[in-house]
Amino acid sequence: MTQEELLREFLADDLFEEKYGISKEMANNWLFTDPSENKLVVAIRTAISKKRNGDSIETIARNMNLVLNK
Amino acid sequence: MIIKSIVLTNFQCYFGENIFEFKSGLNVVIGDNGAGKSKLYDAFYWVLYDKTFDSSSRTMCLTRDVKAKLVSDKAKLLCLLDGKIETSVEIIFSNNEKGDEYIIKRIYQIYRTDTGNDTEFKWRESSESQLFLYKKEKYLEARLIKNADEIASIIKRILPNDIQPYLWFQGEQVDGLIDFKNNSTLTNAINVLSDIREFDFFVDLSKRALESAENEFRKEQRRLIGNNQKSESLDNEKKKLIVKIERLEKELSEHRDGLMYAQEEQEKLHGQVEIAQHIRELDQEEKQVDAELQKLENDLKNKIQRVQKNLFTKFWALKGMESLVDIYAKKFSSYENKKMEQKIEQEKSLEIQRGVIKKLQSRLPINVPEPIYIQKMLEEEKCLVCNREAPVDSDPWLRIKELLEREDFEIQHSSSKSVIHNNFQDQYKKLYQEGLGLQMRMPRMNNEIHELLEDINVLSQKKKRVTENLERIRSDIQELINSSSINSPHSTNILNAFTKHQENIRKYDRLIQSCDHEMEVAQSRIEEIEGDFRKLVVGQLPQTLIDKVATISDFRTVAVSTRERVFNRLILKLEEEANKHYNTMSAENKSIRGRIRLVKQLNGNYMPKIQDSVGQELHSINDANIILIKLSVIMAIISAKKSSRAAELYPLISDAPTSKFTENYTVGFCRTVGDVYSQSIIMSKDFYMNEPLLNRLLNEVENLGNVYIIEPSVPEDKRMDRNDLEIKIIRKH
């Protein structure tokens, strides 16, 4: 699966539609590089790209925490 | 990555250099038993894993365990004094997209050490084989990789260990890939071969990230809490509750396993329990009917005994003798009359006698005078009463003597009376009277006999019906036993086991409910504690921290639910794909095949089941179908992969995958394999000496790569040993 396909799978979750107003259609057209202010999207994108870099779970968890501290 | 070629040199039955080249698509190596198909499979395996299959122990053995057995016997025979034999296998893997190639070569050597005078050759065997890996990048010369870690990493990339069992297997191993008795094997296969592990990673990551964020949150919370004692107490309670929830989760999982086991076992018995129940009911009915029959037989015996008894006690034996009674009555009447007449005669005679006696009695009473005096009077010739003379033979003397004879008459009379002692009149009369009584009783006796005989008849009829019923029950039982192979004791065992599983299902249901309830209570208390914590906080927690925990908590929710959604979608896709493959492979087989359903078990695992058109599970599927289902599911996992990475990157290599199939599955199997895998190498006996089937392979299967026929140089029946053995490789496509 590509990073984009992965991100779209997560964005297709009902929570995004119900809580953040990201519709299924929007999710389906989302590009990995699309800018977003949504912290959850940012966190997931961080997780995906760090995983693709081969980082360990601990490192990625730490990174997500750091990203969300901003 | 595809396999471009394999070169086997002096490897087992492959004497000298033997080259097979392969293309994308389905490559088939055809050969009879003993032609070298399995050795070719071994060669692939040996290069990557340094192991070959030992047919005697049926295990994979390392080179150091088999040593010179790896080397061709013909090569050994032709080896000169002090000579060396090199056994090697070389495989070239090619990455079509990048144009890179990996050349992997494994070598094993033995050295001849005998002097030539020995009766047999002697060898010095290397203890280990050597592996050489070359990487050839586009336009560059091949480069030998020396770093062991790099070699291991490349081999892992060529074929990861966890994927290998699903892509490189012998026919007999298919059964174990998805074990119908172990419901985690399909889940394992899905986890290994599909993208779901990617989502598992994010589920784990979200858990870790949330723990980390919550720790940070609690740390900050504790810093701002005024009442440390209270917070410590709440914290301890929360920790205990968390431990409790973990324990309950474990128990819940055990109870679910127990419930699932009980349900599965009960399900297995489902087909038998109805028959067992029927047999038990028939057994009980047989006992009842048998008891009824026993009672009837006893009643009948008693009635018959009563008849026999009544023959004499109630004179039933005389039944039909009524006319004899009449005859007897007549005869008795005649006897009575005659007797009466005799009596009258006798009376008359007696009357006369009585007259005489009376006459005599008018002069002197009997015994007066007494005979002794009479005798004296006769002797003295004188009447002692009147004192007159009575000379001998005179009239007075004769009169006196007459008195003595009177005595004789009395004696004579008495003697005539004694004749009456032989009179049977009383007995005759009794018989007559009894005859009359019998005649009187006869109508009643008739009724009694009629009633008793009627009873006997009814009982006999009933006995006949009950006996027939008993025979029918016994025949039904026998029929059931014959058709189901379940006998009476077995049926009891089945019903007992079924009841036991039913009880266990109820028990585990209760335990699960109880655990669920306890967990809910504990969870709810944890939420209360969290609320209490918040109340204890003095001051404001940083908003960034609150937002972070909320965001990561959302990430956790999204990761878990996405994983579930993707998995459920995958299951549906797998079902669809598995059925597509199953239908293609079994298209030419006319047997009922049903539809593959992946059924979720209580513990969350999935099991393939075959169901009919109304969703009923089909049991007693034959071995070939089971293998087909397993292969269909494995192929489905690969073909359903969105990116098809496993199918694209890793070739399928299988020795005799269709060994359990009949011919009408083989072409379907090849078509499916050709569709699913970008490259596959199949060793098969099915097409050997079977021109029609071979022609179908060559003409009907798309994506066909190279097809080889391998034959031993010496036919097996003319081969005493392997000293002359080499393999002829004939390219057919």
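Everything numeric in this text was worked out from a predicted model, so none of it was measured. Starting afresh in each chain, residues are numbered from 1 along the sequence in its written order. Written order decides the labels, with chains lettered from A and ligands numbered from 1. Totals for whole chains, interfaces and linings use all residues, but because this is a predicted model, local features are given only for residues with pLDDT of at least 70 and pairs of side-chain atoms are given and counted only at 80 or more.

Asks: Account for the overall build of chain B, with residues named and values stated.
Replies: For helices the rule is a DSSP run of H or I covering at least 4 residues; for strands it is a run of E covering at least 2, with both sets numbered from the N terminus onward. Helix and strand content of chain B: 19 helices and 17 strands. Exposed residues have 12 or fewer other C-beta atoms within 10 Å of their own C-beta, buried residues have 20 or more, and partly exposed residues fall in between, where C-beta atoms are placed from the backbone. Counting the 733 residues in chain B, one finds 26% classified as buried.

Asks: An account of the overall build of chain A is requested, with residue identities and associated values reported.
Replies: Scanning chain A for helices and strands turns up five helices and zero strands. Counting from the amino terminus, chain A carries its helices and strands in the arrangement α-α-α-α-α. Residues classed as buried in chain A amount to 31% of the 70 residues present. C-beta atoms are placed from the backbone for every residue, and two residues are taken to be in contact when these atoms lie within 7 Å. In chain A, of all internal contacts separated by at least 6 residues, the share reaching a separation of at least 24 is 37%.

Asks: Describe the packing of helix α1 (residues 3-11) of chain A against helix α4 (residues 39-52) of chain A, naming the residues involved and giving the relevant values.
Replies: Residues and elements named next belong to chain A. Simply put, an axis is a line fit to the C-alpha atoms, just over the touching stretch for a helix, and the angle between two N-to-C directions goes from 0 to 180 degrees. Running from N to C, α1 and α4 cross one another at 145°; their axes reach a closest spacing of 10 Å. In this structure, the crossing between α1 and α4 has a hand that is right-handed. Contact with α1, carried on its side by Gln 3, Leu 6, Leu 7 and Phe 10, involves Ile 44, Arg 45, Ile 48, Ser 49 and Arg 52 of α4 and no other residues of that element. Considered class by class, the residues forming the contact of α1 with α4 number five nonpolar, two polar and two charged. In this scheme, a crossing is called left-handed if the near helix is turned counterclockwise away from the far one by less than a right angle; it is called right-handed if the turn is clockwise. The classification used treats Ala, Val, Leu, Ile, Met, Phe, Trp, Tyr, Cys and Pro as nonpolar, Asp, Glu, Lys and Arg as charged, and all other residues, Gly among them, as polar.

Asks: Residue-level account of the interface of chain B and chain A, with values.
Replies: Chain B puts 24 residues into the contact, and the matching count from chain A is 20 residues. Elements with a minimum of two residues in the side of chain B that touches chain A: α8 (196-224) and α15 (543-585) of chain B. With 12 residues, α15(B) is the single largest residue contributor to the side of chain B that touches chain A. Tallied by class, residues from the side of chain B that touches chain A come to nine nonpolar, seven polar and eight charged.

Asks: Now, about the sheet that holds strand β15 (residues 679-684) of chain B: what can you tell me, with residues and values included?
Replies: Residue and element names in this part refer to chain B. What the six strands build is an open sheet, ordered β11-β14-β15-β3-β16-β17; its pairing is mixed. A single partner strand is all that each edge strand has here, and the edge strands are β11 (168-170) and β17 (727-731). Strand-to-strand twist of the sheet, defined as the mean angle between neighbouring strand axes without regard to direction, takes the value 15°. Only strands that DSSP links by at least two bridges are regarded as paired with each other. Inspection of the sheet shows strand β16 (residues 704-712) paired to β17 by five bridges, in the antiparallel sense.

Asks: Describe in detail α1(A), supporting the description with residues and values.
Replies: Those residues of α1(A) that sit buried are A:Leu6, A:Leu7, A:Glu9, A:Phe10 and A:Leu11. Structurally, α1(A) contributes buried residues whose contacts are with α2 (14-20), α3 (24-29) and α4 of chain A together with α8 and α15 of chain B.

Asks: Lay out the packing of helix α5 (residues 57-69) of chain A against α15(B) in plain terms, naming residues and giving numbers.
Replies: With their axes 9 Å apart at the nearest point, α5(A) and α15(B) run at an angle of 135° to one another. Put simply, α5(A) runs oblique to α15(B). Of the two possible hands of crossing, α5(A) and α15(B) adopt the one that is right-handed. Facing A:Met64, A:Asn65, A:Leu68 and A:Asn69 of α5(A), the residues of α15(B) in contact are B:Thr544, B:Lys548, B:Thr551 and B:Ile552. When an angle is under 35 degrees it counts as roughly parallel; over 145 it counts as roughly antiparallel; between 65 and 115 it counts as roughly perpendicular; any other value is oblique.

Asks: So, the confidence of the model for chain B: which residues are in play, and what are the values?
Replies: On average, residues of chain B carry a pLDDT of 85, and 92% of them reach 70 or more. Quick note on the complex model: pTM equals 0.60, ipTM equals 0.97. pLDDT expresses how confident the predictor is about each individual residue, on a scale running from 0 to 100.

Asks: Residues and numbers for the environment of B:Trp397, please.
Replies: Residue and element names in this part refer to chain B. Its place among the elements puts Trp 397 in helix α12 (residues 395-418). Given 18 C-beta atoms within a 10 Å radius, Trp 397 is considered partly exposed. Not counting residues within four places of it along the chain, the set of residues in contact with Trp 397 comprises Leu 378, Glu 381, Ala 390, Pro 391 and Val 392.

Asks: Go over the environment of B:His270 with me, naming the residues and quoting the values.
Replies: All names here are of chain B. With respect to the element layout, His 270 can be found in helix α9 (residues 228-313). The exposed category is assigned to His 270, around which 12 C-beta atoms lie within 10 Å. Distance from His 270 to Ile 494, taken between C-alpha atoms, is 9.6 Å for residues 224 residues apart in sequence.

Asks: Could you give an account of unusual backbone geometry, with specific residues and numbers?
Replies: The general pattern is negative phi for most residues beyond glycine and trans for most peptide bonds. All names here are of chain B. Backbone geometry at Gln 12 places phi at a positive 50°, although glycine is not the residue there. Examined against the element boundaries, Gln 12 turns out to sit in the loop between β1 (2-11) and β2 (14-21). A tally of 25 C-beta atoms within 10 Å means that Gln 12 is categorised as buried.

Asks: I'd like a description of the pairing of strand β3 (residues 25-31) of chain B, backed by residues and values.
Replies: Residues and elements named next belong to chain B. Among the seven residues in β3, six count as buried, and that is most of the element. The sheet contact formed by β3 and β15 spans six bridges and is parallel. Bridging across to β15, Leu 26 finds its partner in Ser 680. The pairing of β3 with β16 spans five bridges and is classified as parallel. Looking at β16, one finds that Val 28 is bridged to Val 707.

Asks: Run through helix α1 (residues 37-49) of chain B, naming residues and quoting values.
Replies: Residues and elements named next belong to chain B. The span one expects for a helix is its residue count, reduced by one, times 1.5 Å. For α1, which comprises 13 residues, the first-to-last C-alpha distance of 18 Å matches the rise-based estimate of 18 Å (1.5 Å per residue) to within 8%. Burial within α1 is extensive, with 12 of its 13 residues counted as buried. Burial in α1 covers these residues: Lys 37, Ser 38, Lys 39, Leu 40, Tyr 41, Asp 42, Ala 43, Phe 44, Tyr 45, Trp 46, Val 47 and Leu 48.

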